[in-house]
Amino acid sequence: GIKMDIKSFSLAFFDNSIDNSRFAPGVTPLTLACEKDLYEIVEMLMKKGHVITTPHKISCACMECSNGRKYDLLKFSLSRINTYKGIASRAYLSIANEDAMLSAFKLSRELKRLSRKEPEFKPEYLSLENLSQEFAVELLGMCRNQSEVTAVLNDCGDDGDEEELDNQAFEEGIPNLARLRLAVHHNQKRFVAHPICQQVLSSIWSGKLSGWRGSNTIWKIFIACTIFISMPLLCMVYWLAPKSKVGKILKIPVIKFLLHSASYLWFLIFLLLESMIMEQRHDIYEGRNQAIWQNSFHMIWVAGFLWHECKEVWIEGLRSYFLDWWNFLDIVTISMYLASFSLRILVFVKGYLACLELPDSDVCFYFTKSERNEWNTEDPQFIAEVLFAVTSMLSFTRLAYILPAHETLGTLQISIGKMIDDMIRFM
C-alpha cells in the first residue's frame, strides 16, 4: 500500500550495466514473474503500468540495436531471449492479451522465424515455441462440451488474417472454423492434431452419414465403386436438382470427395484410351487428316479443372493459393493441356484459311496433306504432341492427392515426400 516509484526501483535493482547484478540481461521484475508464472505479481505489476516491450527485429539497424551489438553482442542476444521467455509464459499470454490463443499462434510463428535467423540460440527459441504451442493446446483442452468447442473453433476475433479467412465462401451448413483454419495458416500442428479438432473435422466429413465412420472397409469400398460407376448420372441429378434429397446427400464432404476422385479416375481412363487408340491407329494420327475432336475428349475435364482453379484462387486469394505446392503442378498441367489444344487448333485454322484463299498453294498442302517427314522441326503439331505426352504423365502423378484420405497411405506419402526433399538437397 505504500506508494513508491516502481519504475526507478526496477531500473536500479536490475541495472544491466552493474557487473555483479544477480539477474541475467533483459530480466525485469515483470519478466521474472512471468517466467515463474506468478499470476498475482504479473497482474499487480501490469496494473502499475509495467509492460514487456517486444524486441526489435534481428535485422533492425536503429541506434539502440546498433549500440547494443557493438557494446556486448552476447548480452544483447541474451536480453532478447529473456524478454521472449517472459512474453511466451502462460501468465503473460493470459493476462496481457484479450485473445490469448491468437497471441500464442502469432508468437509461435515469430519464435520459429527467430530460430532460423539466430541458429546459435535455436534450441532456446524452439523450446519457447513449443511452450506457446502447448499453451494453445491446453486452452482448447479446457472445453467441456460441444457448444464451447464450437465457440472456440468458429471464433473470428478482430484480427485481419481471421477476417480474411472468415470471408471465404463455404457450403451451407458447414461451420466456418475460422480459428482452426488460422491454426493451419500458422502451422500449429499440435493444435490441429488435438482430439477435439479431429472429432469436429470427422463429424463434418461424414455429415448426416453418421454410420460412415463406424462401417467396415468392404462396405466403404462398395459405396466408392458404386459412386465411380454412377458418377455421370449422379452429376446430372445434382446439376438438375441440387436441392433435392439426392443433391443434399451429394453435398456431404465424404461423398463429394468420392465424386471428385471418381471424376478424376474417369479422366485418366479416357486419357489412357486416347493414347492407346493413337498408338494403334498410328497411320491416321501421324498425319494431318484427323479431326480435332477425335483425341480431345479429355478437354472437357481440363475446362472443368481450369474453372475449379479459378474458383479456388477467388476463394482463398493468391497468397494462400500459392502456399500449396500441388497448385503449381495443377497450373503447369492445365497450361500445357491448353497450349497443346491451342496448337492443334492453330494447325487446323491455318490449313483451312490457306486452302480457302489458295487451294493449290504450298501452305495449303503443308497444313492439310503433307507427310510427317516433310514437317519443319518447330511444327506446331510436333510441339502439341510433346506437350500432350508430358502432361499425360503429370496427370497420373496428381493421383497422390487421394492418398491423404487414408491414414496409412497419407503418412507414407509424407515420408516419401520428405525423402525426395532430402535427396534433392543432397544432389
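Residues numbered from 1 in each chain as written. Predicted model: local features only at pLDDT ≥ 70, side-chain atom pairs only at ≥ 80, totals over all residues. Heavy atoms only, no water.

A. Here's a closer look at the packing of aromatic side chains. Within the structure shown, the criterion is met by 17 aromatic pairs. Here tyrosine 84 and tyrosine 125 contribute two aromatic rings whose centre-to-centre distance is 6.5 Å and whose plane-to-plane angle is 75°, an arrangement assigned as edge-to-face. Of this pair, tyrosine 84 sits in helix H5 (residues 73-87) while tyrosine 125 sits in helix H8 (residues 122-141); the two residues are 41 residues apart in sequence, bridging distant segments of the chain. Overall, tyrosine 84 belongs to the buried group, its relative accessible area being 3%. With a centroid separation of 5.9 Å and 70° between ring planes, the pair formed by phenylalanine 297 and tryptophan 301 is classed as edge-to-face. Judged by relative accessible area, which is 39%, phenylalanine 297 ranks as partly exposed. (Phe/Tyr/Trp six-rings, centres within 6.5 Å; stacked < 30°, edge-to-face > 60°. Helix = DSSP H or I, 4+ residues; strand = E, 2+ residues; numbered from the N terminus. Buried < 20%, exposed > 50% of the residue type's maximum accessible area, 1.4 Å probe, protein only.)

B. Region of interest: unusual backbone geometry. Even without being glycine, aspartate 37 reaches a positive phi, approximately 55°. You can see aspartate 37 is positioned in the loop between helix H2 (29-35) and helix H3 (39-47). Since its relative accessible area comes to 28%, aspartate 37 is described here as partly exposed. Within the chain, asparagine 187 stands out as a residue other than glycine whose phi angle is a positive 60°.

C. Local environment of the UniProt feature "transmembrane region" (unreviewed entry) in the protein chain. If you check UniProt for "transmembrane region" (unreviewed entry), the listed places come out as residues 218-241, 253-273 and 328-349 in our numbering. Across residues 253-273 one finds 100% helix and 0% strand; the C-alpha atoms that close the span lie 30 Å apart. Between the first and last C-alpha atoms of residues 328-349 the distance is 31 Å; the span itself is 100% helix and 0% strand. (UniProt positions renumbered as here; feature names shortened; annotations may be inferred.)

D. A look at helix H23 (residues 380-397). Along its 18 residues, H23 runs 26 Å from first to last C-alpha, staying within 8% of the 26 Å computed at 1.5 Å per residue. Within the sequence span of H23, burial applies to Pro380, Gln381, Ala384, Leu387, Phe388, Thr391, Ser392 and Ser395. In an axial view of H23, the angular spread of the buried residues amounts to 140°, which keeps them on one side of the axis. Turned more than 90 degrees off the buried face of H23, the exposed positions are Val386 and Met393. Where H23 begins, the side chain of aspartate 379 points an oxygen toward the backbone nitrogen of glutamine 381, at a separation of 2.9 Å. (Expected span 1.5 Å × (residues − 1). Arc of directions from axis to C-beta. Polar contact = N/O pair within 3.5 Å; in protein donor to acceptor, adjacent residues only side chain to side chain.)

E. Structural view of a positive patch on the surface. Together, Lys57, Arg116, Lys117 and Lys122 make up a positively charged patch on the protein surface. Here arginine 116 lies in helix H7 (residues 100-117). (Patch = residues over 30% accessible without salt bridge, like charges linked within 9 Å, V, L, I, M, F, W, Y side chains within 5 Å. Areas by Shrake-Rupley, 256 points an atom, 1.4 Å probe, with all protein chains shown as cover. Salt bridge = Lys/Arg side-chain N within 4 Å of Asp/Glu carboxyl O. Lys, Arg positive; Asp, Glu negative; His and termini not counted. Charge placed at Lys NZ, Arg CZ, Asp CG, Glu CD.)

F. Highlighting the nonpolar core. Counting 41 residues, the largest nonpolar core has Tyr84, Leu153 and Phe191 as the members making the most contacts within it. Broken down by element, the residue count for this core peaks at eight residues, all from H7. Excluding residues within four positions of it along the chain, phenylalanine 191 makes contact with Met101, Phe105, Ala136, Val137, Leu140, Leu153, Leu180, Ala183 and Cys197. Within the second largest apolar cluster, 13 residues are counted, among which are Trp212, Ile223, Leu250 and Phe257. (Core = buried A, V, L, I, M, F, W, Y, C linked by side-chain atoms within 4.5 Å. Contact = heavy atoms within 4.5 Å.)

G. Main features of the side chain of glutamine 133. In this fold, glutamine 133 is placed in helix H8. On the accessibility criterion, glutamine 133 (7% relative accessible area) is buried. Within the structure, glutamine 133 has its side chain in polar contact with the side chain of glutamate 129 (distance 2.7 Å). In contact with glutamine 133, not counting residues within four places along its chain, are Ser108, Lys112, Asn187, Gln188, Lys189 and Arg190.

H. Spatial organisation of the pattern of salt bridges. Following the criterion strictly, the structure yields nine salt bridges and no others. One salt bridge in this structure joins glutamate 110 and arginine 113, with 2.8 Å as the shortest N-O distance. Of this pair, glutamate 110 and arginine 113 both sit in helix H7, three residues apart, which is roughly one turn of that helix. Its relative accessible area of 27% is what places glutamate 110 among the partly exposed residues. Residues glutamate 134 and arginine 190 are paired through a salt bridge, measuring 3.8 Å at the closest nitrogen-oxygen approach. Taken together, the positions of glutamate 134 in helix H8 and arginine 190 in helix H12 (residues 189-192) put the pair 56 residues apart, joining distant regions of the chain. Looking at glutamate 134, the relative accessible area reads 25%, which means it is partly exposed. Residue classification places arginine 190 among the partly exposed positions, given a relative accessible area of 37%.

I. Fine view of the packing of helix H15 (residues 231-240) against helix H17 (residues 253-280). Interaxial distance between H15 and H17 falls to 10 Å at its minimum, and their mutual angle equals 125°. Accordingly, the angle class assigned to the pair H15 and H17 is oblique. Both H15 and H17 take part in a crossing whose hand is left-handed. Judged by residue contacts, Met231, Leu234 and Cys235 of H15 engage Leu259, Ala262, Ser263 and Trp266 from H17. Across the contact of H15 with H17, the residue classes tally to six nonpolar, one polar and no charged. (Axes fitted to C-alpha atoms, helices over the stretch in contact; angles between N-to-C directions. Parallel < 35°, antiparallel > 145°, perpendicular 65-115°, else oblique. Left-handed = near helix turned anticlockwise from the far one by under 90°. Nonpolar A, V, L, I, M, F, W, Y, C, P; charged D, E, K, R; others polar.)

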